[in-house]
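# Summary of the model geometry
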Amino acid sequence: MTKAEALKILEELKNSPNMVKHALACGFVMKDLCIKFSKGNYNHSEPLDEEDWEIVGLLHDADYELTGKSLDRHTEETAKKLKEKNVDQSLIDAIRGHCDKASRTSLMAKAIYAADELTGLIVAAALVQPDKKLKSVTVESVQRKFKDKSFAAGANRDQIRTCESELNIPLEEFVSIVLKSMQDNAKELGL
Ligand SMILES: [Fe+2]
C-alpha cells in the first residue's frame, strides 16, 4: 500500500477535514520516528519502512467517525479494508493495537500508541498561542502543559509516557521529535 492509497481510504471512510488533519499529523510523526529508529542504535529486528509507518499514522483512526466513535467497532472497519487489500498484518496489528485490540509488540505499534495522544496535546498547545501557530509552540511549553492535567485533559499522559517505557525515548526528546515533525509540516496541518 502507498501513502496515496491510504489517503484514498480516508476519503472512502468519509473522514472530516479535522480527522484528516489528525491523520496527516500522525503520519508525518510516524515517518520521522521511523527515520529516528533507522538511524539509532535500537535493538530491533523488524523492517523499518517509512511509508508503512506513515500509513499506520494516517489510518489508525480512519474509521473513528464512521463507527460512531464506538470503541467496540473502532479499527475493525479499517482492518477489514486493509485485509481486502492484502496489507501486511504488522500494519493492521499496529492500528488495532493503538486502541488495545491487539498487543503492541512492534516498534511501529508502540510508536503510534505514544505519538497519537501527543499530537493532540501539541495541537491544543498551538491553538492557545496568540497566532494559533505551531511555530509558536516550544518543547518547554508542551512539557509545562503536559504537567498541567487540566490542559487538554483528553490527551492521555500515561499513554504519551510510554515513549520512555516502550520506546526508550525520554519524554523531552519525544516531545521535541513530534513537535518538530508537526512544525515541519505545519502548512499541510493548517497550523
Ligand atoms: Fe488518533
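Keep in mind that what you see is a predicted model, and the values were worked out from it rather than measured.

## Details of helix 4 (residues 76-84)
For helix 4, the set of buried residues is T78, A79 and L82. All buried residues of helix 4 project into a common sector of 100 degrees when viewed along the axis, lining one side. Tucked inside the fold, the buried residues of helix 4 contact helix 1 (3-12), helix 3 (50-59) and helix 5 (89-97). Trailing helix 4 by a residue or two, N86 shows a phi angle of about 55 degrees, which is positive.

## Some remarks on the packing of helix 2 (residues 17-39) against helix 3
Interhelical geometry of helix 2 versus helix 3 gives an angle of 150 degrees and a closest axis separation of 7 Å. In terms of orientation, helix 2 lies roughly antiparallel with respect to helix 3. Every pair of crossing elements has a handedness; the one defined by helix 2 and helix 3 is right-handed. Residue-level inspection shows A23, L24, C26, G27, F28, M30, K31, L33, C34, I35 and F37 of helix 2 in contact with helix 3, the latter providing E50, W53, E54, V56, G57 and L58. Classifying every residue of the contact of helix 2 with helix 3 by side-chain character gives twelve nonpolar, two polar and three charged.

## Remarks on the coordination of the iron ion
Coordination of the iron ion by the protein comes from H22 (NE2), H60 (NE2), D61 (OD) and D116 (OD), over a distance range of 2.1 to 2.2 Å. Every donor counted, the four donor atoms about the iron ion form angles of 85 to 171 degrees at the centre, which fits irregular coordination. Expressed as a motif, the donor residue spacing for the iron ion is H-x37-H-D-x54-D. Here D61 is found in the loop between helix 3 and helix 4, whereas its partner D116 is found in helix 6 (residues 107-127), with 55 residues between them in sequence. Here the two residues D61 and D116 agree in accessibility, since each one is buried.

## What about the pattern of salt bridges?
One pass over the structure, following the stated rule, counts 13 salt bridges. Close ionic contact of E12 with K8 constitutes a salt bridge, the shortest N to O distance being 3.5 Å. Residue E12 and its partner K8 are located together in helix 1, separated by four residues, close to a single helical turn. Of the residues examined, K8 reaches a relative accessible area of 52% and is grouped as exposed.

## Concerning the UniProt feature "domain: HD" (unreviewed entry) in the protein
Mapped onto this structure's residue numbering, the UniProt feature "domain: HD" (unreviewed entry) falls at residues 21-119. Annotated as 61% helix and 0% strand, the span residues 21-119 places its first and last C-alpha atoms 10 Å apart.

## Some thoughts on the side chain of E54
Relative to the elements of secondary structure, E54 occurs in helix 3. Under the relative-accessibility criterion, E54 is labelled buried at 6%. Within the local environment of E54, its side chain forms a polar contact with the side chain of K3, the two groups lying 3.0 Å apart. Among residues more than four places away in sequence, those in contact with E54 are K3, G27, F28, M30 and K31.

## Notes on the environment of A94
By the element assignment, A94 lies in helix 5. Owing to a relative accessible area of 0%, A94 belongs among the buried residues under this scheme. Put simply, A94 and I112 are 18 residues apart on the chain and 7.4 Å apart in space, counted from C-alpha to C-alpha.

## With respect to the packing of helix 2 against helix 6
Between helix 2 and helix 6, the least distance of the axes is 10 Å, while the angle of their chain directions is 135 degrees. With respect to helix 6, the axis of helix 2 lies oblique. Once helix 2 is placed against helix 6, the crossing between them reads as right-handed. Residues H22, C26, V29, M30, L33 and F37 of helix 2 lie in contact with helix 6, whose contacting residues are L107, M108, A111, I112, A115, D116 and T119.

Rules behind the numbers
Residues numbered from 1 in each chain as written. Predicted model: local features only at pLDDT ≥ 70, side-chain atom pairs only at ≥ 80, totals over all residues. Heavy atoms only, no water. Buried < 20%, exposed > 50% of the residue type's maximum accessible area, 1.4 Å probe, protein only. Helix = DSSP H or I, 4+ residues; strand = E, 2+ residues; numbered from the N terminus. Arc of directions from axis to C-beta. Contact = heavy atoms within 4.5 Å. Axes fitted to C-alpha atoms, helices over the stretch in contact; angles between N-to-C directions. Parallel < 35°, antiparallel > 145°, perpendicular 65-115°, else oblique. Left-handed = near helix turned anticlockwise from the far one by under 90°. Nonpolar A, V, L, I, M, F, W, Y, C, P; charged D, E, K, R; others polar. Donors = N, O, S within 2.8 Å, 3.2 Å for Na, K, Ca; no water. Tetrahedral: all angles 85-135°; square planar, octahedral: opposite > 155°, others 65-115°. Salt bridge = Lys/Arg side-chain N within 4 Å of Asp/Glu carboxyl O. UniProt positions renumbered as here; feature names shortened; annotations may be inferred. Polar contact = N/O pair within 3.5 Å; in protein donor to acceptor, adjacent residues only side chain to side chain.

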